[in-house]
Amino acid sequence: MWSKNVNEIVSTHGYSLNQVIVWKYPSMQKIATLTGHSLRVLYLAMSPDGQSVVTGAGDETLRFWNIFPGPRSRTGFRIGPSLLSPSGTDIR
C-alpha cells in the first residue's frame, strides 16, 4: 500500500514471520519491521487521513499502526496527529 503523504510503501508478509514492513521508495530501503500478529497477515487498509494502517490476521486480531506522517499544509508544516491515534505516537 502506498503512503498518501510520503514516498513510502507498506507490505505485509505471511508465514513464518507474520510481519508488516515499511519501505522507502524508490530505494526500497527497509524503514521499519512491525510485528504483533501470531498468524499470517491477511488484510491491510489505510485511514482516510493517510497516517494509520490497520492489519487483520489469521489470529483474529486487528492491529492499528500509526505509520506515516500527516499531510503538509500549504505552508509546508505537517497537519495534526492521526485520526486513529490522537496521542500522536508513531513508529519513528
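Structure first, text after, so check above.
Residues numbered from 1 in each chain as written. Predicted model: local features only at pLDDT ≥ 70, side-chain atom pairs only at ≥ 80, totals over all residues. Heavy atoms only, no water.

Moving on: the overall build of the chain. Looking only at helices and strands, one finds 0 helices and 6 strands in the chain. Going from N to C terminus, the chain has its helices and strands arranged as β-β-β-β-β-β. Taking all 92 residues of the chain together, 38% fall into the buried category. When contacts within the chain are restricted to residue pairs at least 6 apart in sequence, those whose partners lie at least 24 apart make up 34%. Accessible surface, the chain: about 5600 Å² in total, of which carbon and sulfur atoms supply 57%. (Helix = DSSP H or I, 4+ residues; strand = E, 2+ residues; numbered from the N terminus. Buried < 20%, exposed > 50% of the residue type's maximum accessible area, 1.4 Å probe, protein only. Contact = heavy atoms within 4.5 Å. Areas by Shrake-Rupley, 256 points an atom, 1.4 Å probe, with all protein chains shown as cover.)

With that settled, consider the sheet that holds strand E2 (residues 20-24). In spatial order, the strands read E1-E2-E3; together these 3 strands make up an open sheet with antiparallel pairing. Single-partner strands in this sheet number two, and they are strand E1 (8-12) and strand E3 (29-34). For this sheet, the mean angle separating the axes of adjacent strands, direction not counted, is 25°. One ladder, built from 5 bridges, connects E1 with E2; its direction is antiparallel. Its bridge partner lying in E2, Val10 is registered against Val22. (Pairing = 2+ DSSP bridges. Axes fitted to C-alpha atoms, helices over the stretch in contact; angles between N-to-C directions.)

Another aspect to go through is unusual backbone geometry. If a residue is not glycine, its phi is most likely negative; likewise, a peptide bond is most likely trans. Residue Pro26 is bonded to the preceding Tyr25 through a cis peptide linkage, with omega at 10°. Structurally, the position occupied by Pro26 is in the loop between E2 and E3. The backbone of Asn18 shows a phi angle near 55°, a positive value even though the residue is not glycine. Even without a glycine there, the phi angle at Met28 is positive, about 55°. Tracing the sequence through the fold places Met28 in the loop between E2 and E3.

Any link to function would need more than the numbers given here.
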